[in-house]
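# Breakdown of the fold
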Amino acid sequence: MGKHNDKVMYSPKDKIVEYIYVLLGAAVIAFGFNAFLFPNQVASGGVSGISTILHGLFGWNAGIVQYAFNIPLFISGVIILGKNFGFKSFIGTIALPFFVILFDDMNALTMNSLLAALFGGIVVGLGIGLVFKGKASTGGTDLLAQIITKYSGLTLGTSVLMIDGLIALSAAIVFDLEKGLYALIGLFVTTKTIDIVQLGFSQSKMVYIITNKQDEMRDAIYKEINRGVTKMPSFGGYTGEQRLMLMVVVYQTEFTKLKQIIKTVDATAFVIVSDAYEVLGEGFKRV
């Protein structure tokens, strides 16, 4: 028998698509930055937020400032963390400030700070999500957070929160308190938009059912909405009694029907419902 190869093979077409994602994502981030965040002094985290603050203090060009931070941080990340960040991440690190400079003369689409924080956060989050889909990053404070994590023992999430919190605080000091609050709004919206780009809107529900009528419940679900059911062992935390738990994934449009089936078969069933953001396999998206 031949040796099993655990490495995922990518075709040249896949690699080209990933580079397109990285470049397109960098361009979208730069557009959101120049059209919404920068002209309204919304410093919503990251190197772009630092460049906004430094422009406000000294009038420095935002794109040049981002180059001045991104390139040394990328090199430091490679040296200190000893990771192979990949050529695509280097492209992202270089491309983002390039597009910021390229779009430097564009007019702001709004001078309302709240609208700028909201729509700027959406556009920037969309761009970052596209870069992530290209399996890359745009460097910046994410690398700094990893370096801090290595030497401080803090979690990566705490390090990122600390850096972005300091940037928002700096915006409040350099500009005013409202600008700092708008920066936090922009940061929050960006984070949520990245999740949507990565995971998509939740179109499915994952339902866990604990019932004494497993067979009747399984048959009814299959017959009424043509969904398969998975049986999973579970143990009562208080009684220690072992019971089977049913797990089924349905589209949101099928969820109301599923609730009616559960109520009809066993009105005393214990049910847990959660969002399923991406479901691959038979009856859903292809792998």
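Conventions we followed
Residues numbered from 1 in each chain as written. Predicted model: local features only at pLDDT ≥ 70, side-chain atom pairs only at ≥ 80, totals over all residues. Heavy atoms only, no water. Helix = DSSP H or I, 4+ residues; strand = E, 2+ residues; numbered from the N terminus. Rg over C-alpha atoms; globule rule 2.2 N^0.38 Å. Buried < 20%, exposed > 50% of the residue type's maximum accessible area, 1.4 Å probe, protein only. Areas by Shrake-Rupley, 256 points an atom, 1.4 Å probe, with all protein chains shown as cover. Lys, Arg positive; Asp, Glu negative; His and termini not counted. Charge placed at Lys NZ, Arg CZ, Asp CG, Glu CD. Salt bridge = Lys/Arg side-chain N within 4 Å of Asp/Glu carboxyl O. Patch = residues over 30% accessible without salt bridge, like charges linked within 9 Å, V, L, I, M, F, W, Y side chains within 5 Å.

Secondary structure assignment for the protein yields ten helices and four strands. Starting at the N terminus and ending at the C terminus, the protein contains elements arranged as α-α-α-α-α-α-α-α-β-α-β-β-α-β. For 287 residues, the compact-globule estimate of 2.2 N^0.38 gives 19 Å, and the protein exceeds it by more than 25% at 24 Å. Each principal axis of the C-alpha distribution contributes one length, and for the protein these read about 70 × 55 × 35 Å. For the protein, the residues scored as buried account for 42% of the 287 residues in total. On the protein, roughly 16600 Å² of surface is accessible, and the fraction owed to carbon and sulfur atoms is 63%. Separation of charge centres in the protein, based on 23 positive and 20 negative side chains, amounts to 6 Å.

Now for the pattern of salt bridges. Under the counting rule described, the total for this entry stands at eight salt bridges. Between K135 and E18 there is a salt bridge, with its nearest N and O atoms 3.0 Å apart. In this pair, K135 sits in the loop between α5 (113-133) and α6 (141-152) while E18 sits in helix α1 (residues 12-37), placing the two residues 117 residues apart along the sequence. According to the relative accessible area criterion, K135 is partly exposed, its value standing at 48%. By relative accessible area, which is 7% here, E18 ends up buried. In this structure, R227 engages E254 in a salt bridge whose closest nitrogen and oxygen atoms are separated by 3.1 Å. Here E254 lies in helix α10 (residues 252-265) and R227 lies in the loop between α9 (214-225) and β2 (230-235), a separation of 27 residues in the sequence. Through salt bridges that share partners, D215, R218, D219 and K231 make up one connected network.

In this section: a nonpolar patch on the surface. Nonpolar side chains collect at one region of the surface, where L114, L115, L118, F119 and I122 lie side by side and expose about 390 Å² of accessible area between them. Within the secondary structure, L118 sits in helix α5. For L118, a relative accessible area of 31% gives the class partly exposed.

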